[in-house]
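# Breakdown of the fold
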Amino acid sequence: MCDFIADQHVHPDYSFDAEGSIDDYCRMAIDMGLKEICFTTHFDADPARLEYEGYMVIDGRREKLSDEAVDHYLKDVRRAQEQFSAGGLMVRGGFEFGYFPGCEKMIADLKSKFQIDYCLAAVHGIGGLCLCIKEQARQIFTQYTMEQMVDRYFEALDQCAATGVFDCLAHIDVYRRFGLEHFGPEIMTIHRGRIEKLFETMNRHQVGFEVNTSAIRHGLHEYYPNMDIINLARSTDTRLLALGSDAHRPADLALDFDAATAVAYELVPYVDE
Ligand SMILES: [Zn+2]
Ligand SMILES: [Zn+2]
């Protein structure tokens, strides 16, 4: 069913908020007939925070982000790559880097030391508050108007794309997750006249975007980003690079991909029958 398709946004249990080992996911991917799985464990390092708290979970223990931790994770991915390639599964190792101003130096340094197959970048919040945690999202919504919030969000994404160290931007309208209920349906088109500058920057630096199906898990009817944004991106030749479930447990792998492949048709090879 999914034999031509890759899930390129997957959190194994190296991410603090995820469950399921790399092997658990690979077995699930083979059962589902996926062609490829790309792991994108969280890497959140804010250089502005002296008491920086970013970590990875290794063998059930929280370990501070370090070269050793990165090496451990990537070696685990490479081992799985060898183990599961016989079953027809391509396994790739990347990160979902939380974007913080100045983090690009650290990421460029990591890229020079390690083979990182995929650098996905995400802006998860505004002013230290997270858009993906309901209480914090509500705080953001009381501090800013919808327009101010979205302007700040896209400004951060714009800076992120301009660093030139990332391949792809994750869930580029994730402000809808809790924002739709708070602000109402106007949020579905608030990007118009705002996101175009971001697309220009993405095109200049060859950064693509993903279709992220986790919006369905969050009770929304449209993926991240919504159809209006996808169509705008197409009209500006901004590249749809990946399809991702943002799975945080194996059962969520390739969520809704049957329908999503119709939306992200660029990623499905043409088969002449
Ligand atoms: Zn994310
Ligand atoms: Zn993610």
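Quick look at the structure, then. Values in this document were obtained by computation on a predicted structure and should not be read as measured data.

## A word on the pairing of strand β2 (residues 36-44)
Buried residues dominate β2, accounting for eight of its nine residues. Taken together, the three bridges between strand β1 (residues 6-10) and β2 define a ladder with parallel strand orientation. The residue bridging Asp 7 from the neighbouring strand is Ile 37, located in β2. Traced from β1 through helix α1 (residues 22-32) to β2, the parallel crossover comes out right-handed. As paired elements, β2 and strand β5 (residues 90-98) share nine bridges and run parallel to each other. Along β5, the bridge assignment pairs Ile 37 with Val 91.

## Quick word on the coordination of the zinc ion (ligand 1)
Ideal geometry at a metal centre gives angles of 109.5 degrees when four donors are arranged tetrahedrally and 90 or 180 degrees when six donors are arranged octahedrally. The protein atoms donating to the zinc ion (ligand 1) are Glu 96 (OE), His 124 (NE2) and His 171 (NE2), with metal-donor distances spanning 2.0 to 2.1 Å. Of note, the zinc ion (ligand 1) draws all its donor residues from one chain, in the sequence arrangement E-x27-H-x46-H. In this structure, the zinc ion (ligand 1) lies 3.5 Å away from the zinc ion (ligand 2), the two metals sharing Glu 96 as a donor. Taken together, the residues His 124 in the loop between β6 (118-122) and β7 (125-126) and His 171 in the loop between β9 (168-169) and α6 (176-183) connect sequence positions 47 residues apart. Given the relative accessible area of 18%, His 124 is considered buried.

Reading the values: the criteria
- Residues numbered from 1 in each chain as written.
- Chains lettered and ligands numbered in written order.
- Predicted model: local features only at pLDDT ≥ 70, side-chain atom pairs only at ≥ 80, totals over all residues.
- Heavy atoms only, no water.
- Buried < 20%, exposed > 50% of the residue type's maximum accessible area, 1.4 Å probe, protein only.
- Helix = DSSP H or I, 4+ residues; strand = E, 2+ residues; numbered from the N terminus.
- Pairing = 2+ DSSP bridges.
- Right-handed = clockwise from strand over helix to strand, strands pointing away.
- Donors = N, O, S within 2.8 Å, 3.2 Å for Na, K, Ca; no water.

It is worth stressing that arrangement in space is one thing and function is another; only the former is reported here.
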